[in-house]
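# Structural characterization, general
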Amino acid sequence: MSYEPIWLKKATLPGKPGFSSYIPGEGIEGSIERELSVLHDLREDFVWSVMVTEALPEEGYEILVGDGKVDILGGSKAGVLYGIFDAMRQLILTDTVVPVSERPACPLRMLNHWDNADGSIERGYSGNSFFFRNRELIVDDRTLFYARLCASVGINATVINNVNVHEDATKLITDEYLPKLREMAECLASYGVKLYICINFAASMQLGGCKVSDPLDPDVIAYWEKAVAHVYEAVPMLGGFLVKADSEGRPGPHTYGRTQADGANMLARALAPYGGKLIWRCFVYNCSQDWRDTTLDRACAAYNYFHPLDGQFDDNVILQVKNGPVDFQVREPVSPLFCGMTQTNLMLEVQAAQEYTGQQKHVCFLVPMWKDVLRFHTYAYSENDRVRDIICGAHRKSENCGIAAVANTGDDENWTGSDFAAANWYGFGRLAWNPSLSAEQIAEEWAGLTFGDDKEVSAVIVKVLLASYSIYERYTVPLGIGWMCQPNNHYGPNVEGYEYDRWGTYHRASHSAIGVDRSSRGTGYAVQYTEPLAKLYDDPSTTPTELLLFFHRLPYNYLLPNGSTLIQHIYDTHFEAVDELRSLIASVVTVQGLIPEKEYTRIMERFAMQLASAKEWRDRINTYFCRISGIGDAKRRKIYAVSEEDITYPSDADPEYTS
Ligand code: GCV
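Residues numbered from 1 in each chain as written. Predicted model: local features only at pLDDT ≥ 70, side-chain atom pairs only at ≥ 80, totals over all residues. Heavy atoms only, no water.

### Quick notes on the confidence of the model for the chain
For clarity, the cut-off: Values of pLDDT, which run from 0 to 100, indicate the predictor's confidence residue by residue. Contacts were defined at the residue level, with two residues in contact if any of their heavy atoms lie within 4.5 Å.
Overall, the predicted model of the chain reaches an average pLDDT of 96, with 99% of residues at or above 70. Segment residues 655-659 is flagged for pLDDT under 50; beyond a separation of four residues in sequence, or across chains, it makes 17 contacts in the model.

Here it is in structure tokens:
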């Protein structure tokens, strides 16, 4: 399948070096040469030179400019490449280059692909895998261009297979795959991207003939030592393993009464002699919950399992923590693990794949949401520390930390299905490099690189991106409640879809109230946080409005800080968000003709799907809550309440119902 150069469009002219064929063994020197010639093409009148110097941090770079001469210095060859891409970005956006001195904030800036060996992608919304087809690994021009796109935004690591490691992918660590895996690792490394793979915790049984996968069993330990030695002999540049254990049916140490630390350390010790890292996910919870049991709270699970183990993990173990305590909902509080694990290496996991945020049919620019997470004050070490400090290694002075995004790519021509979704891939890389960049700056850069320098087009694209998350949030889930989507595929509304299921994801709406009480009077989730956060979240009057229903169970006539009742807020946000979406679409129509037709048509096709789905969300949510509460919309907009006699309309005179 052919592919587009997306944000590297202006740096990739047909027949010019950016669109190169993959030549095995060309190495990072080949990439530097190729990218330098792109710079030459962009500005022939400049004299370009590059140099590696130990005076700079390994991945850092400096651009020196003077008298038509541009020198790019890097702390390593990868640093030089990052410098070249910076100069390229500057040239394309401003037609000139100014001096800069840069180093990445996060040591590990990683993508997690959930690609399966058969070529399918779990939660993939842009075609099939370009890493696997029919149980074979593919290394070709597209792999190289993928690495080029990653390097251009500073991404330095990737995991190519799904964390749910099924039978075929279990064999990635065997001779069936290792030669090709090495080719893949070399191809990616030629742009400074380190390859990681997901392994199956039960491989000792499935491949090694062991009776168990108990991490303290000597045969299991010996199996992994041998298996890892074999892998590193074949692929010495491998970064390490990523593991999902004891979660959603995946095997893990709990089966044997062992802890998550026992499991992680066993693998980490096998990897240590080769400099390998073991990334262990904290997404561990009971997915067979009885919905009748209101004392059990899935949100508490990760902290309950991992917090008591703080300080017990080896140094080459990194715990990878999803941004929220449950599962990539549109709005969740930041995971309390970032507040309570001061003796452990941590990595943040966000999801660029839009599983719960419109599946790349809806525009949803996630950078504003990720920025909220990164700037969240954890109070783990001091009053001022934020998630970004923790994942950048500021406190533990460790290189074993960083940020990973579940990737949103596939083999669609434009890589991400929706043209706008590429902004999330781009934005993730830029933010991982520098969390201080603003969402506006990232959106402007991406718009300029992707759609050219027409100011009108850029303004519209940036407006769409920046408004999109808030709009999506408002026509879908109110006040952090979550999980009102279709079960399994997670697209579109189904208010009670998860209500009586086993996944631990309930809103428990009744005729008078909605939400789970997660305060100290309820499940106690709120008090997993450090102070002053625990106190803040424990009380509805101090809980941030957007998270109110995540933490508290409240009546529909509860008054919000803006003077609106909870139910009126639901109606208002749902009506307003659909109207705003309509006007956003109208603003894109004004630049028809200024955007290439192919892209414009694709964008409009997806907007049509988004608008239809947004209306469905609005009407289902509003109707459900109107019917169940019996309270009508104070503004009398269209809600499908069936019987008007059942509905009481708030009177304008009643101060409880002002909106
Ligand atoms: C890869 C959610 C998704 C699953 C995913 C899981 C995870 O439950 O729906 O598809 O599995 O998260 O992050 O492991």
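The structure having been displayed, the exposition proceeds.
### Here we look at the packing of aromatic side chains
The following threshold applies: When the centres of two rings from Phe, Tyr and Trp lie within 6.5 Å, Trp using its six-membered ring, the rings pair. Their planes under 30 degrees apart give stacked, over 60 give edge-to-face, and anything left gives tilted. The helix count covers DSSP runs of H or I at least four residues long, the strand count covers runs of E at least two residues long, and both are numbered beginning at the N terminus. Relative accessibility thresholds used throughout: buried, under 20% of the residue-type maximum; exposed, over 50%; partly exposed, between the two (1.4 Å probe, protein chains only). We call a charge positioned above a ring when the Lys NZ or Arg CZ atom is no farther than 6 Å from the ring centre and deviates by at most 35 degrees from the ring normal.
A complete count under the given rule lists 38 aromatic pairs for this structure. Measuring from centroid to centroid gives 5.1 Å for Trp7 and Trp425, while their planes differ by 80°, and the two rings are edge-to-face. Remark: Trp425 occurs in helix H13 (residues 422-433) and Trp7 occurs in the segment before helix H1 (27-42); sequence separation between them is 418 residues. For Trp425, a relative accessible area of 2% translates into the label buried. When the centroid spacing of 4.9 Å and the interplanar angle of 80° are considered together, the rings of Trp291 and Tyr500 count as edge-to-face. Of this pair, Trp291 sits in the loop between strand S11 (277-281) and helix H9 (301-306) while Tyr500 sits in the loop between helix H15 (455-475) and strand S15 (513-514), placing them 209 residues apart in sequence. On the basis of relative accessible area, Tyr500 is assigned to the exposed category, the value being 52%. Over the aromatic face of Tyr285 sits the side chain of Arg298, whose NZ or CZ is 3.7 Å from the ring centroid. Its end group placed over the ring of Phe283, Lys322 keeps NZ or CZ at 3.3 Å from the ring centre.

### What about the side chain of Asn408?
By secondary structure assignment, the location of Asn408 is in the loop between strand S14 (402-406) and H13. Asn408 sits in the buried class, given a relative accessible area of 3%. Not counting the four nearest positions on each side in its chain, Asn408 is found in contact with Ser126, Ala352, Ala353, Gln360, Trp415, Thr416, Ala421, Asn424 and Trp425.

### Looking at the pairing of strand S5 (residues 108-112)
Filter applied, for reference: Pairing between strands requires that DSSP locate at least two bridges from one strand to the other.
Summarising burial for S5: five of the five residues are buried, a large majority. What you see with S5 is no split at all: Leu108, Met110 and Asn112 on one side and Arg109 and Leu111 on the other are buried throughout. Judged from the three bridges that link them, S5 and strand S8 (residues 157-159) form a sheet pairing that is parallel. In the sheet register, Met110 faces S8, and the bridge partner there is Ala157.

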